[in-house]
Amino acid sequence: MADKEDPKNGKMGKGKSKVVCGYPLSIFFIVVNEFCERFSYYGMRAVLVLYFKYFLRWDDDLATSIYHTFVALCYLTPILGAIVADSWLGKFKTIIYLSIVYAVGQVAMAVSAIHDITDSDRDGTPDSMTFHIVLSMVGLFLIALGTGGIKPCVAAFGGDQFGEHQDRQRRTFFSVFYLCINGGSLLSTIITPVLRAQECGIYSKQKCYSLAFGVPAALMVVALVVFIIGSGMYYKAEPQGNIMLDVCKCIGFAIKNRYRHRSKQYPKRQHWMDWAEEKYDKLLIAQIKMVLKVLFLYIPLPMFWTLFDQKGSRWTLQATTMDGNFGALVIQPDQMQTVNPILILTLVPIMDSLIYPLIKKCGLNFTPLKRMTVGMLLAAIAFVCAALVQIQIDKTLPTFPSTSQSQLKLLNMGSNSVTVKLPGNDALILPAAQASNDYYMFQAGQIDISFGNPEMTKPVTLGSGQRQTLLIPSTLSDELQMTNDLTSKPQEGNNAIRFVNGMKTAVNVSTAAADFGLIEPFYYSNYSQIKNGKATFTLRSGSQSCEYSTNFGFGSSYTFFIHSTLVFGSNCQDSVTAVEDIKPNSVHMALQIPQYFFITAGEVMFSVTGLEFSYSQAPSNMKAVLQAGWLFTVAIGNFIVLIVAELAKIPKQWAEYVLFASLLVAVCVIFSIMAYFYTYIDPTEIEAQFKKKINEDDEDDKSKPGKAEVEMVKRDSIKCHDEYDKATQTKM
Ligand SMILES: CC(C)C[C@H](NC(=O)CN)C(=O)O
C-alpha cells in the first residue's frame, strides 16, 4: 500500500520500506545500528585511559594526551566521511565499508590487550610493550576513521528515509536517535568497566582489558549486520557530486575576483562573496553566505568541548582517588561516567516538556543561541565543582618526599618498648609491636639513630625521594632492616598490602586474591594489591595456621606486623598490628555528581540545541556540511585540551580545572556578543525566493536581444543553476 510511495512525493516515506505507525520500518534498523555503534564506541572509550595507564603503563599526562588525540581524530574524520558519501560512494555504501574498517579496529584493540601474546616469561606483564602499543594505535586509528566517517552519514541517511511531508516524524526520529546514542553509551559504560575488572589470561590472570574491548568489537559487528539486514528497505539517494568542492571553488573564485578588482575604480559590493557572481549562481552564493555566518559563530564553540570531553580523562582519574563505596553498590572509577547518559535520558525530556515551555510561559524568548550560552556557563560551573572536589581530595593525600627529601617510619618488632632518638626530634618511646604514627621528614643522606638504654647509635642511609620503614629488631645489637615504601597512591583505587614477620619462625601468608609467600623471621614481604571490602588472610607455619580478617577501603597502603607472641591454632586477630602507611581515599565519589549534573545540563542546552541550530540554519544542500562543521568543533576542543595541558603544565590539578572554567567563561562572553548580532534565517524561504527571482530574470533575459558579454556570464550562471536544480530535484 503506502510502502511504495514515490520518493519524490514521499507522502508516507521513501524507498521500499513498510510504514508502521507513520514511520518507515527502515529507520528501526538505523536506530538499532546507532545504539550498537554507540555502545561499541563509548564502551571502548570508557576503559581507554585506564588501559593506557595500567596496561601500557603510560603516565597520566601521556594517557590523557593520546586519549584526546583519539577523540579529536574521531571528530575530524566526519569531513572525510561526508566527502566520500556525497561525491563517490553514497551514504549506504560509505556506512557499510567504514563500519567494516571500524570493526577491524575494535578487534585490533581487543587483541592488543591480550597480555599473554608477548608474555613469554609468564610473569603477567607483556615482554614486548611495542607490539601492544603499535597494535592498539593501529586499532584506534581504524576506529577513528570508522566512527567519524559514518557519523555524519548515519543520521542523514535516517533523515533521508522520510518524505517531504513527514517533518514531525523526522523530528521525533532525531530525538529517538539522540536517546539511542545515550542508551548505548549508558549500557556500555556500565558493562565494560565491569568486564575490565574481571581477571583473565592463559598463563597468568590479569585485568581483562581484552574482554572490555572484545565486547564492543562484537557489538560493532552486530551494528553492521543489523544495518545490512535493512538493506532492501532503505531509500538510497545517489551521490550528488561533492558540494564541499563546489563551495570551496566558489569561495576561491570570490577571493581571487575580489583581489583582481581591488583598485578603487571598481564599486564595492555588499558582501565579499558577491564577487563570485560573475561565475556562480546567486542561489549558491546566498547559501554559502548562510553557511559562513554559522561557521563564524562556531569559532568560540570548541572551548565547550574542551571541558566536556575531560569527563573521560581527568574526571575518571580524579575518581580513582575517591571512595566508591555506595553501601550495597561499589562503583569503579570509570563507571562514574554513566552519570552523564543517565542524566541525558532524564534531562532531555524534562527540558523539552517542562523547563523550556515554562521559560516560554514566563514571556522569555530563550533562543537557541541563548540556550547555548547558558550551556557554556553550566559547563564552567561544572569545572568549578571539579576544582572544589579536587581541593578536598588534595587535603587527604599524603605528602610524599621531593627528590631531595626522604621520609622515615619506625616499627618496633621487639616485645619491649624502645626509646629512639632521631636527629632534630624529641626522644620517642615506641611501645612493643608498634610503629610511629607517621613518617619523619629528612634531607636525603646518612643520619645517626640512637636506641635503647644503655644508648647505642647506628648510622642509616636515607634514599633520596624515598619513603622507608626502619624495622627495629628485638635485640638492638642485631642488624637494622629498612623497607622501601610506596611513594604514590596505589593504582585504580586498590590497596597495597605487605606483611612484616616479627616471629622467630618463617610464616606463609595468603589470601584469596594474593599470595605473599614465605616471609623469613624479622623480614617483610613484597606489596600485593587487594581490592576494597573484607579480606581474610591465612597465616601458616608448617601444618599450623590461623586467620586474620580486616576491611579495606580504596587507595590505602598497610604494613601488617605479625607479633612474636602469635600462637597458631588460636585466633590471631589480636596478634597482628595494622600500620597505616597511606590513608584510604576518604572523599566520596558521590561528590562528583554535582559536576556531572552541571556538565550534562550544559550538554543538553549546548549540544542538543547546537545540533538542531546547525540543521535549521543550514541551506538544504549543505546540511551535511554544517553537521561536519559542528563535529569539527568537537575535534578542535580536544586539541585545545592537549595544548593547554601541555603548555600550562600546572602542578595543581584544581588550578587546571579553574583555568579551564575561566577560559570557558571568557569564550562565553565573546560568543554571547557574536550571538547578539546574529539574525536567524529560514533557509527554505530564502532559497524559494532566490529560485523565483532567478526564474523571473531568466524569462526577462530571453525576451531581450542579448549582448555577447552578458550572455557569456548568464551561460555560466544558467549552467550552475541547472546543475543546482538537478541536484535539489534528485534530493526531493
Ligand atoms: C554531541 C556529541 C559530540 C556526540 C554525542 N554524544 C552524546 O550524546 C553524549 N552524551 C554522540 O553522538 O556520541
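Reading guide: rules and limits
Going along each chain's sequence as written, the residues are numbered from 1 onward. The model is predicted, so local features are restricted to residues of pLDDT at least 70 and side-chain atom pairs to those at 80 or more, both for listing and for counting; the totals for chains, interfaces and linings are taken over all residues. A helix here means a DSSP run of H or I that spans at least four residues, while a strand means a run of E at least two residues long, and both kinds are numbered starting from the N terminus. Our contact criterion uses C-beta atoms placed from the backbone: two residues qualify when those atoms are within 7 Å. Residue proximity rests on one test: whether the C-beta atom, placed from the backbone, lies within 6 Å of the molecule or strand. Put simply, Ala, Val, Leu, Ile, Met, Phe, Trp, Tyr, Cys and Pro go in the nonpolar bin, Asp, Glu, Lys and Arg in the charged bin, and everything else, Gly too, in the polar bin. The domain boundaries here were taken from an automatic or database domain assignment. A pair of strands is labelled paired if DSSP reports no fewer than 2 bridges between them. Axis definition: a line fit to C-alpha positions, over the contact stretch in the case of helices; interaxial angles, taken between N-to-C directions, run 0 to 180 degrees. Crossing handedness follows the turn of the near helix against the far one: under a right angle anticlockwise gives a left-handed crossing, and clockwise gives a right-handed one. A helix is expected to reach a length of 1.5 Å times the quantity of its residues less one. With C-beta atoms placed from the backbone, a residue is labelled by how many other C-beta atoms lie within 10 Å of its own: buried for 20 or more, exposed for 12 or fewer, partly exposed between the two. By definition, a nonpolar core groups buried Ala, Val, Leu, Ile, Met, Phe, Trp, Tyr and Cys residues that are joined through C-beta atoms within 7 Å. Residue-level confidence of the predictor is summarised by pLDDT, bounded by 0 at the bottom and 100 at the top. Take the seven residues that end at a residue and the seven that start at it, fit an axis to each, and the angle between those axes is the bend at that residue.

Observations regarding the overall build of the protein chain
Part 1 of the argument: Assigned secondary structure in the protein chain consists of 16 helices and 23 strands.
Part 2 of the argument: Taking the contacts inside the protein chain whose residues are at least 6 apart along the sequence as the reference set, 73% of them involve residues at least 24 apart.

A few points about the site of the ligand
Part 1 of the argument: In the vicinity of the ligand, the contacting residues are Arg38, Ile181, Asn182, Ser185, Asn340, Pro341, Ile344, Glu603, Ser607 and Val634.
Part 2 of the argument: Mapped onto the shell around the ligand, the elements with two or more residues apiece are helix H4 (167-197), helix H10 (339-361) and helix H12 (593-616).
Part 3 of the argument: Residues that form the shell around the ligand fall into these classes: four nonpolar, four polar and two charged.
Part 4 of the argument: Counting contributing residues per domain, the shell around the ligand is built from domain 1 (1-241) and domain 2 (297-398 + 586-681), each supplying no fewer than three.

Overview of the sheet that holds strand S8 (residues 418-421)
Note: strands within a sheet are paired through backbone hydrogen bonds, in either parallel or antiparallel orientation.
Part 1 of the argument: Across the sheet, four strands lie side by side as S9-S8-S11-S12; this open sheet has antiparallel pairing. Only two strands of the sheet have a single partner each, and these edge strands are strand S9 (428-430) and strand S12 (456-462). With direction set aside, neighbouring strand axes in the sheet form an average angle of 35°.
Part 2 of the argument: As paired strands, S8 and S9 are joined by three bridges and run antiparallel to one another.

Some details on the packing of helix H1 (residues 26-55) against H4
Part 1 of the argument: Packing of H1 against H4 leaves a shortest axis separation of 7 Å and a crossing angle of 35°. In this structure, H1 meets H4 at a crossing whose hand is right-handed.
Part 2 of the argument: Of the residues contributing to the contact of H1 with H4, the split by class is 17 nonpolar, seven polar and three charged.

Side note on helix H7 (residues 282-298)
Part 1 of the argument: Counted at 1.5 Å a residue, the expected span for H7 with its 17 residues is 24 Å, and the 24 Å between its end C-alpha atoms agrees.
Part 2 of the argument: Where H7 is concerned, the buried positions are Leu283, Leu284, Ile285, Gln287, Ile288, Val291, Val294 and Leu297.

What to know about the sheet that holds strand S7 (residues 405-412)
Part 1 of the argument: The four strands are arranged S10-S7-S13-S14 in an open sheet whose pairing can be described as mixed. The strands lining the two open edges of the sheet, one partner per strand, are strand S10 (440-443) and strand S14 (481-484). When the angles between neighbouring strand axes are averaged without regard to direction, this sheet yields 35°.

What to know about the nonpolar core
Nonpolar side chains in soluble globular proteins tend to be buried together.
Part 1 of the argument: Counting residues in hydrophobic clusters, the biggest one holds 142 residues, and the most contacted among them are Tyr75, Phe304, Met376, Ala379, Ala382, Phe383 and Leu664.
Part 2 of the argument: Taken domain by domain, this core gets at least three of its residues from each of domain 1 (1-241) and domain 2 (297-398 + 586-681).
Part 3 of the argument: Beyond its immediate sequence surroundings of up to four residues, Tyr75 is in contact with Gly148, Leu631, Phe632, Val634 and Ala635.
Part 4 of the argument: In this structure, Leu410, Val509, Tyr548 and Tyr558 belong to the second largest nonpolar core, which totals 36 residues.

Things to note about the confidence of the model for the protein chain
Part 1 of the argument: Taken residue by residue, the protein chain gives an average pLDDT of 87. The fraction at 70 or more is 93%.
Part 2 of the argument: Averaged pLDDT values over the elements of the protein chain bottom out at 38 in helix H16 (residues 708-731) and peak at 97 in helix H5 (residues 209-229).
Part 3 of the argument: Below pLDDT 50 for its whole length, residues 1-12 participates in 23 contacts with residues either more than four positions away or in separate chains.
Part 4 of the argument: Complex prediction metrics read pTM 0.78 and ipTM 0.97.

Digging into the packing of H4 against H5
Part 1 of the argument: Close contact between H4 and H5 brings their axes to 7 Å; oriented N to C, the two are set at 150°. In terms of crossing hand, the pair formed by H4 and H5 is right-handed. Contact residues: Ser188, Ile191, Thr192, Leu195 and Arg196 in H4; Tyr209, Leu211, Ala212, Val215 and Pro216 in H5.
Part 2 of the argument: Taken together, the residues that form the contact of H4 with H5 break down as seven nonpolar, two polar and one charged.

Looking at H1
Part 1 of the argument: Across its 30 residues, H1 extends 42 Å between first and last C-alpha, which sits within 8% of the 44 Å expected from 1.5 Å per residue.
Part 2 of the argument: The largest bend along H1 reaches roughly 40° and is located at Leu48.
Part 3 of the argument: Among the 30 residues in H1, 26 count as buried, and that is most of the element.
Part 4 of the argument: Once H1 finishes, Arg57 follows within two positions and takes phi at roughly 60°, a positive value.

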